[in-house]
Amino acid sequence: MKAYHIHVEGIVQGVGFRPFVYRIAYEHDLRGYVKNLGDAGVEIVVEGKDEDIKAFLNDLKHKKPPLARVEKIKKKEVPPIGFDKFYIEKSSSGGKGGDSIIPPDVSICDDCVRELFDPSDKRHMYPFIVCTNCGPRFTLIEDLPYDRENTTMRDFDMCDFCESEYKDPLNRRYHAEPVCCPVCGPRYMLFDNNENEISGDPLKKAAELIDKGYIVAIKGIGGIHIACDAMNEEAIREIRKRSFRPQKPFALMAKDLETIESFAVVGEREREELLSYRKPILALQKKEPFPLPEVLAPGLHTIGVMLPYAGTHYILFHHSKSPVYVMTSANYPGLPMVKDNEDAFKKLKDLADYFLLHNRKILNRADDSVVRFVDGRRAIIRRSRGFVPLPISIPFEYSGVALGAELMNAFGVAKKGKVYPSQYIGNTSKIEIFEFMREAIKHFKKILRLRKLDLIVCDLHPLYNTTKLAMEQANEEGVELLQVQHHYAHVASVMAENGLDEIIGIALDGVGYGTDGKTWGGEVIYMSYEDVERLSHIDYYPLPGGDLASYYPLRALIGILSRVYEIDEIEEIITKCCPKAIESLKYGEVEFNVALNQLARGINVSYASSTGRVLDAMSVLLNIAYRRHYEGEPAMKLESLAIKGKNDLGFSIESNGESINVESIFTHALESNASPADIAYSMHLAIGRAFGEVAVEKAKEFGIKNVGISGGVAYNELIVKTIRKMVEANGLKFYTTHEIPRGDNGINVGQAFLGGLYLEGYLTREDLTM
């Protein structure tokens, strides 16, 4: 008889791993035990015949549960003890700083959906139905090991029936920590706007209220949603009015895939993503004609939609006449999504007519993730529910925190060759978001057993709240602080995900503080383990009023035009081509004249190489968007117009290898008699060609085969596809990211990667800030 001690690390908690081990040990006639070690993974001891142990180890690697991810298996032979059978032992807290990974929240599985609608099942129509293979995880977990007492389910004592399933190793609910039923589990309650509870079936009545045109706040897994019938234009407009979101696209939840296919184009990859256990919001191309109200996503060619991912959603649609709901985060612009019952009544009273709330605490807020397919590949826009806290591997073993960007924030915690990106945090310039970030960092450090940090990494911008927090924490904890330039971190994220050691990186976005104090956003960068160098960029253009240009893109337009035209000529152009842009300014013509005067005299003018502001400026010239109501709005609406273009007008952008002069596309546009769609289409192609040509030229000059793109503009289909085709046509490899968000939501991983390069001595502070 042989005996082995086996240590498994990875996603092995909360995914049915211990009952799986029990079953395969039982099948191979082995004795011993399996035990959760908290943050240190899972411990297994097996005794039996050598051939049976080999078969067991093979199954351990190749037959693991669908949600499990085995990162590492260590085994050593030990003396047999003489176990009489195989046991599942009580978990221990571990505490050795191992690499056990907390699983993300997982959408309801098919087995639970079948039981949900089975009248003979004890959990028939019970919205909190779960098993080992599905249900909330991250949003419930307070600490490791992942046992019920370390989750918010500790408030609900199991009944005898649930406990019998929980303790049966051969049952699908064995050690499913959120397991419950109508007898012992959480329950929903329906309230009116005055906090009066409404009697009857709360979910059935909520569905009826939605059908009647009311707005209902619905508490789910990671927070509260605001819901209404997506076919009711009056209700949609009312949500816009109450939530102060006049233009921002609303996310939808559809009853089933067939419903989605009635209003959106769904390819095979999109279908797989919609049906995945993550159930993200997926931005899909609208069908023409679009059968739903245009006010759902005004001016866009895409619509964001997800499928039901909890029993609650399935039951609501079961009772509802409408097959599709608006399902948007319950918050006002710039504030965190509301997750607690008390806050719902306080903060959403003016937004919702009714409140469908449950009595289970949500410990960790988690917005719905948002995904889009760009040039045929997945591009994560917002990485949150369903993804978090799964890690990204980096080749550096250190402990640290990377605080991410100011907007679209997520921080990342580095530990033992992995970065654990947080859930979506948001705009950290808002005090409520900033406090949410502080608490989330504390929680991540706790569950990852991160006691001593080697490094804190943050952005180079001196005024960001993330920078101030990094400085504060570095000082309090006596930890070294490293600041890194924004676009360097974007490029580093591409290197991190793709395992590259050098790249010509294209970083295109709206804003990032440059090493020279100017606003960057149209960059070609060489990066390797030994060097970082800014090779080329959009030639700086003036922004009268500075950051105001990001809200009123007319300011960016007149700044770019000032590189070609005189002030009186600019005034004439704007008055003739886009007079409504002047009206859109807060102070109308007075403000317009002040901005022109700022340009003429060089007062209160900043300088930028931002691609995002260039796209915004063209959206004004073509009368597509005059104000930014949400992040990326003018550029997104311009892309939606460009998608309709059919003729490439051959717009050219001059470049000398070091600077890219974008003003020529505006002179082309002003001289053209083509349709706005063709002008927008041609502009996108011109930008793609300009950056593609420079990147290919620099790659050949440096003898590099890798070219990549990151930044918010890397979600633009036309620009990305144009660059990729040029890169591949020249025999080079094209890279971007598919696990890490391309925009600012993913910058923390790039920061952590650069932190590793710094600690290993490859790069200096000067390399990352000069």
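First, a word on what this report is: a plain description of the structure on this page. Since the structure is predicted, the reported quantities are computational estimates derived from the model, not experimental observations.

### Some words on the layout of surface pockets
- Approximately 450 Å³ is the volume found for the second largest pocket.
- Elements supplying a minimum of two residues to the lining of the second largest pocket: helix 10 (341-347) and helix 11 (431-447).
- Here the lining of the second largest pocket takes six residues from helix 11, the largest share from any one element.
- The residue makeup of the lining of the second largest pocket, split by class, is nine nonpolar, four polar and six charged.

### Regarding the sheet that holds strand 2 (residues 31-36)
- Strand order in this open sheet of five strands is 4-1-3-2-5, and the pairing throughout is mixed. With one partner strand each, in any of the chains shown, strand 4 (69-77) and strand 5 (86-88) form the two edges of the open sheet. Pairwise comparison of adjacent strand axes, ignoring direction, gives a mean angle of 15° for this sheet.
- As judged from the six bridges shared by strand 2 and strand 3 (residues 42-48), these two strands associate in the antiparallel manner. Counterpart to Gly32 in the pairing with strand 3 is Val46.
- With respect to the sheet, helix 2 (residues 50-62) is in contact with strand 1 (2-11), strand 3 and strand 4, its orientation differing from that of strand 1 by roughly 5°.

### Observations regarding the pairing of strand 3
- Burial analysis of strand 3 places seven of its seven residues in the buried class, the great majority of the element.
- Alternating residues of strand 3 divide into Val42, Ile44, Val46 and Gly48 and Glu43, Val45 and Glu47, and every residue in both groups is buried.
- Pairing of strand 1 with strand 3, which is carried by seven bridges, proceeds in the antiparallel orientation. Paired with Ile6 across the strands is Ile44, a residue of strand 3.

### Structural notes on empty space enclosed by the protein
- A full pass over the atoms with the stated rule returns five cavities of 30 Å³ or more.
- When its volume is computed, the largest cavity comes out at roughly 150 Å³.
- Lining the largest cavity are 18 residues; nearest its centre among them are Pro127, Ile221, Ala310, Gly311 and Arg360.
- Here the residues of the lining of the largest cavity are counted per class, giving eleven nonpolar, five polar and two charged.
- In this structure, the second largest cavity occupies an estimated 80 Å³ of space.

### With respect to helix 14 (residues 554-561)
- Where burial is concerned, most of helix 14 is hidden: eight out of the eight residues are buried.
- Residues of helix 14 that are buried make contact with strand 27 (541-544), helix 15 (567-577), helix 16 (579-584), helix 17 (588-601), helix 18 (611-621) and helix 20 (663-671).

### Quick look at the packing of helix 1 (residues 17-27) against helix 2
- Running from amino to carboxyl end, helix 1 crosses helix 2 at an angle of 150°, the nearest separation of the two axes being 10 Å. It follows from the interaxial angle that helix 1 and helix 2 lie roughly antiparallel. Along this stretch, helix 1 crosses helix 2, giving a crossing that reads as right-handed. Counted together, Phe17, Phe20, Val21, Ile24 and Ala25 of helix 1 and Phe56, Asp59 and Leu60 of helix 2 form the full contact between these two elements.
- Partitioning the contact of helix 1 with helix 2 into residue classes produces seven nonpolar, no polar and one charged.

### With respect to the side chain of Thr736
- By the element assignment, Thr736 lies in the loop between strand 32 (733-735) and helix 23 (747-759).
- Judged by relative accessible area, Thr736 falls into the buried class, the value being 6%.
- Within the structure, Thr736 has its side chain in polar contact with the side chain of Arg742 (distance 3.3 Å).
- Those residues in contact with Thr736 that sit more than four places away from it in its chain are Val494, Glu497, Asn498, Ile709 and Arg742.

### Here we look at the packing of aromatic side chains
- Taken as a whole, this structure holds 20 aromatic pairs when the rule is applied.
- With a centroid separation of 6.5 Å and 10° between ring planes, the pair formed by Tyr22 and Tyr26 is classed as stacked. Residue Tyr22 and its partner Tyr26 are both found in helix 1; the two are separated by four residues, about one turn of the helix.
- Sitting over the ring of Phe290, Lys286 keeps its end group 5.0 Å from the ring centre.
- The ring centre of Phe436 lies 4.5 Å from the NZ or CZ of Arg365, which sits over that ring.

### Structural notes on the environment of Glu89
- Locating Glu89 in the fold gives a position in the loop between strand 5 and helix 3 (110-116).
- Remark: the alpha-carbon pair of Glu89 and Lys418, spanning 329 residues in sequence, is separated by 29 Å.
- When near neighbours in sequence (up to four residues on either side) are disregarded, Glu89 contacts Arg18, Tyr33, Val34 and Lys35.

### Examining the nonpolar core
- With 102 residues, the main nonpolar core has Phe17, Ile44, Phe56 and Leu60 as its most contacted residues.
- At eight residues, helix 11 tops the list of elements feeding residues into this core.
- Setting aside its immediate chain neighbours within four residues, Phe56 contacts Ile6, Val21, Ile24, Ala25, His28, Leu30, Ile44 and Val46.
- Ranked by size, the runner-up nonpolar core spans 78 residues in total, among them Leu554, Ala581, Val614 and Val707.

### Some details on the sheet that holds strand 22 (residues 455-459)
- Taking strand neighbours across the sheet as the criterion, the six strands line up as 18-21-20-19-22-23 in an open arrangement whose pairing is mixed. Two strands lie at the open edges of the sheet, namely strand 18 (392-393) and strand 23 (481-484), each paired on one side alone.
- As defined by bridge partners, strand 20 (residues 412-415) adjoins strand 21 (residues 418-421) across four bridges and the pair is classed as antiparallel. Its bridge partner lying in strand 21, Ala414 is registered against Val419.

### Section: the side chain of Arg123
- The topology assignment puts Arg123 in the loop between helix 3 and helix 4 (160-166).
- For Arg123, a relative accessible area of 1% corresponds to the buried category.
- If near-sequence neighbours (up to four positions away) are discounted, Arg123 is found in contact with Glu115, Leu116, Ile129, Phe161, Cys162, Glu165, Arg173, Val179, Cys180, Cys181 and Pro182.

### Re the pattern of salt bridges
- Scanning the model with the defined rule gives 46 salt bridges in all.
- Between Asp147 and Arg18 there is a salt bridge whose closest N-O contact spans 3.8 Å. Of this pair, Asp147 sits in the loop between helix 3 and helix 4 while Arg18 sits in helix 1; the two residues are 129 residues apart in sequence, bridging distant segments of the chain.
- According to the relative accessible area criterion, Arg18 is buried, its value standing at 6%.
- For Glu273, the salt bridge identified is with Arg378, shortest N-O distance 3.5 Å. Residue Glu273 is found in helix 8 (residues 268-275), and its partner Arg378 is found in strand 17 (residues 377-382); the two are separated by 105 residues along the sequence. For the pair Glu273 and Arg378, a shared accessibility class is recorded, and that class is buried.
- Overlapping salt bridges bring together Glu115, Arg123, Glu165, Arg172 and Arg173 as one network.

Criteria and thresholds
Residues numbered from 1 in each chain as written. Predicted model: local features only at pLDDT ≥ 70, side-chain atom pairs only at ≥ 80, totals over all residues. Heavy atoms only, no water. 1 Å grid on protein atoms, 1.4 Å probe; cavity = no way out; pocket = protein on both sides within 12 Å on 5 of 7 lines; lining within 4 Å. Points joined across faces, edges and corners; volume = space filled by probe spheres on them. Helix = DSSP H or I, 4+ residues; strand = E, 2+ residues; numbered from the N terminus. Nonpolar A, V, L, I, M, F, W, Y, C, P; charged D, E, K, R; others polar. Pairing = 2+ DSSP bridges. Axes fitted to C-alpha atoms, helices over the stretch in contact; angles between N-to-C directions. Contact = heavy atoms within 4.5 Å. Buried < 20%, exposed > 50% of the residue type's maximum accessible area, 1.4 Å probe, protein only. Parallel < 35°, antiparallel > 145°, perpendicular 65-115°, else oblique. Left-handed = near helix turned anticlockwise from the far one by under 90°. Polar contact = N/O pair within 3.5 Å; in protein donor to acceptor, adjacent residues only side chain to side chain. Phe/Tyr/Trp six-rings, centres within 6.5 Å; stacked < 30°, edge-to-face > 60°. Lys NZ or Arg CZ within 6 Å of the ring centre and 35° of its normal. Core = buried A, V, L, I, M, F, W, Y, C linked by side-chain atoms within 4.5 Å. Salt bridge = Lys/Arg side-chain N within 4 Å of Asp/Glu carboxyl O.

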